[in-house]
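Working through the structure, step by step
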Amino acid sequence: MKHYAGDRTIDGVKVTVDGATLDPCTDVMEFTRNGFEWSYEGPEPRQLALALLVDHLGDKDRAKAAVEPFMQAIVANFGNEWEMTSADLDEVLAALGKAVV
């Protein structure tokens, strides 16, 4: 099971998957060149949503289809520090109607 975490530090935001830096997946779709952010709706949280979904699902098309509802329901509501597991992502996607089959 993967572990995702985000933190706002004195050096900026840091997002990891299993301790390694999360790929922003700008090769899949680029919403912004400003990196990741969260706690609001916008291009930076959208980029984070895409990166989390691509990493978790391993399917670029399914990730793109779920970006907007996932960003609005989850990423826009993250606090300064947050953590999610693969199981958490599966649960959210199922609730949003984008369940992994």
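Here the structure is shown first, and the text comes after it.
The present account deals with the structure reproduced in this document. (Residues numbered from 1 in each chain as written. Predicted model: local features only at pLDDT ≥ 70, side-chain atom pairs only at ≥ 80, totals over all residues. Heavy atoms only, no water.)

1. Considering helix α1 (residues 43-57)
The end-to-end C-alpha distance of α1 is 21 Å, a good match for the 21 Å that 15 residues give at a rise of 1.5 Å each. In terms of burial, α1 is a largely internal element, 13 of the 15 residues being buried. Immediately downstream of α1, the backbone of G58 shows phi near 70°, a positive value. (Helix = DSSP H or I, 4+ residues; strand = E, 2+ residues; numbered from the N terminus. Expected span 1.5 Å × (residues − 1). Buried < 20%, exposed > 50% of the residue type's maximum accessible area, 1.4 Å probe, protein only.)

2. Overview of the packing of α1 against helix α2 (residues 60-73)
Two numbers describe how α1 lies on α2: the axes approach to 8 Å, and their chain directions differ by 135°. On the basis of their axis angle, the class for α1 and α2 is oblique. The two elements α1 and α2 meet at a crossing, and its hand is right-handed. Contacts between α1 and α2 involve P45, R46, A49, L50, L52, L53, V54 and L57 on the former and, on the latter, R62, A63, K64, A66, V67, E68, F70 and M71. Of the residues contributing to the contact of α1 with α2, the split by class is 12 nonpolar, no polar and 4 charged. (Axes fitted to C-alpha atoms, helices over the stretch in contact; angles between N-to-C directions. Parallel < 35°, antiparallel > 145°, perpendicular 65-115°, else oblique. Left-handed = near helix turned anticlockwise from the far one by under 90°. Contact = heavy atoms within 4.5 Å. Nonpolar A, V, L, I, M, F, W, Y, C, P; charged D, E, K, R; others polar.)

3. Let's talk about the nonpolar core
L48 and F70 are the most contacted members of the largest nonpolar core, which has 29 residues in total. Elements supplying a minimum of two residues to this core: β2 (12-17), α1, α2, β4 (82-85) and α3 (86-95). The element that contributes the greatest number of residues to this core is α1, accounting for 8 residues. With residues near it in sequence (within four places) discarded, L48 still touches V15, L22, F36, E37, W38, V75, F78 and W82. (Core = buried A, V, L, I, M, F, W, Y, C linked by side-chain atoms within 4.5 Å.)

4. A few points about the sheet that holds strand β3 (residues 20-21)
On the basis of which strands lie adjacent, the open sheet formed by 4 strands has the order β3-β2-β1-β4 and antiparallel pairing. Looking along the sheet, the strands with just one partner apiece sit at the ends: β3 and β4. Bridge count between β2 and β3: 2 bridges; the pairing is antiparallel. In the sheet register, T16 faces β3, and the bridge partner there is T21. (Pairing = 2+ DSSP bridges.)

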